[in-house]
Amino acid sequence: MKLDWMGDHRDLIEKIIKYGNAYSNTYKLQRSYGTDMTFSASQIQTLEYILEAEEQEEKMSEMAARLGVSRSTFSKNVKNLKEKGLLEKYHLSGNRKDIYVKPSDKGREVYTKYTEFVRELCFDEIFKYADHISETDKESFIRIMDVFADVLVWYGEKEQEPRKLIQIDSAND
């Protein structure tokens, strides 16, 4: 069967799907990524967002939303990163409910080694291609990826809605 509904965009969609599948197969695997410890891609992304948001004092729930993961996934990653000595937890005086996380010195060191490793592994090549893409095309590609991710997050949340028990009228069975 020919999939005509994608029109001229089949190759693009195929590569997006290929990337998504490859990423999902490795997302939770613990690897060293050029460092002296192991962590998952999910955990290093959590550390990255925490480093990026350090000046803003974002709450964990806000960072989870920005990253596109559930609060429980983000919390599990924070717990694992804290156990590895990569993060420190804080709360404001007078407010123990809102938790803030900051990278430790070890977290900064590990992240620096990680970025050197992945940049050499693949991002230097990606950046060479990206340097030849117009800003308009980059913005379009970013929007494509945002729409794709937003739909996946929305659909995942929709599927998580609590099920309701609905009475069946026995006369219509």
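Residues numbered from 1 in each chain as written. Predicted model: local features only at pLDDT ≥ 70, side-chain atom pairs only at ≥ 80, totals over all residues. Heavy atoms only, no water.

K.L.:
Would you explain the side chain of Asn-77 in this entry?
P.N.:
Relative to the helices and strands, Asn-77 is located in helix α4 (residues 71-83). Excluding residues that lie within four positions of it along the chain, Asn-77 makes contacts with Ser-42, Gln-43 and Thr-46. (Helix = DSSP H or I, 4+ residues; strand = E, 2+ residues; numbered from the N terminus. Contact = heavy atoms within 4.5 Å.)

K.L.:
Before we go on, may I ask you to explain the packing of helix α2 (residues 41-52) against α4 in this structure?
P.N.:
Two packed helices can be described by the angle between their axes and the distance between those axes. At their nearest, the axes of α2 and α4 sit 9 Å apart, and the two run at 90° to each other. What the angle tells us is that α2 and α4 run roughly perpendicular. Between α2, through Ser-42, Gln-43, Thr-46, Leu-47 and Ile-50, and α4, the contact on the second element is made entirely by Thr-73, Phe-74, Asn-77, Val-78, Asn-80 and Leu-81. Looking at the contact of α2 with α4 residue by residue, the classes come out as 5 nonpolar, 6 polar and no charged. (Axes fitted to C-alpha atoms, helices over the stretch in contact; angles between N-to-C directions. Parallel < 35°, antiparallel > 145°, perpendicular 65-115°, else oblique. Nonpolar A, V, L, I, M, F, W, Y, C, P; charged D, E, K, R; others polar.)

K.L.:
Looking at this model, I keep getting lost on a nonpolar patch on the surface. Mind explaining?
P.N.:
On the surface, a cluster of nonpolar side chains totalling about 410 Å² of accessible area is made up of Val-147, Val-151, Trp-154 and Tyr-155. Within the secondary structure, Val-151 is located in helix α6 (residues 135-159). Overall, Val-151 belongs to the partly exposed group, its relative accessible area being 46%. (Patch = residues over 30% accessible without salt bridge, like charges linked within 9 Å, V, L, I, M, F, W, Y side chains within 5 Å. Areas by Shrake-Rupley, 256 points an atom, 1.4 Å probe, with all protein chains shown as cover. Salt bridge = Lys/Arg side-chain N within 4 Å of Asp/Glu carboxyl O. Buried < 20%, exposed > 50% of the residue type's maximum accessible area, 1.4 Å probe, protein only.)

K.L.:
Just to check I follow, could you spell out the nonpolar core for this structure?
P.N.:
One recurring pattern in soluble globular proteins: nonpolar side chains tend to sit buried together. Counting 26 residues, the largest nonpolar core has Phe-39, Leu-47, Ile-50, Phe-74, Val-78 and Tyr-114 as its most contacted members. A per-element tally of this core places α2 first, with 6 residues. In this structure, Phe-74 is in contact with Thr-46, Ile-50, Met-60, Met-63, Ala-64, Leu-67 and Val-69, ignoring residues within four places of it in sequence. (Core = buried A, V, L, I, M, F, W, Y, C linked by side-chain atoms within 4.5 Å.)

K.L.:
Just to check I follow, could you spell out the environment of Met-37 for this structure?
P.N.:
One can find Met-37 in the loop between α1 (10-26) and α2. Along the backbone, Met-37 and Lys-84 are 47 residues apart, and their C-alpha atoms lie at a distance of 8.5 Å. Residues in contact with Met-37, not counting those within four places in the same chain, are Arg-31, Ser-32, Lys-84, Leu-86, Lys-106 and Val-110.

K.L.:
Explain the side chain of Thr-35 here, please?
P.N.:
Tracing the sequence through the fold places Thr-35 in the loop between α1 and α2. From its side chain, Thr-35 meets the backbone oxygen of Ser-32 in a polar contact 2.6 Å long. Looking at Thr-35, its side chain comes within polar contact range of the main-chain oxygen of Met-37, at 2.8 Å. Excluding residues within four positions of it along the chain, Thr-35 makes contact with Val-110, Lys-113 and Tyr-114. (Polar contact = N/O pair within 3.5 Å; in protein donor to acceptor, adjacent residues only side chain to side chain.)

K.L.:
Is there a simple way to explain the packing of aromatic side chains in this structure?
P.N.:
The relation between two aromatic rings is expressed through the spacing of the ring centres and the mutual angle of the planes. Under the criterion given, the structure shown has 7 aromatic pairs. Each ring, one from Tyr-33 and one from Phe-39, has its centre 5.6 Å from the other, and the planes form 20°; the classification is stacked. For the pair Tyr-33 and Phe-39, one class covers both residues: buried. Residues Tyr-33 and Tyr-114 carry aromatic rings whose centres are separated by 5.6 Å and whose planes lie at 80° to one another, so their mutual orientation is edge-to-face. (Phe/Tyr/Trp six-rings, centres within 6.5 Å; stacked < 30°, edge-to-face > 60°.)

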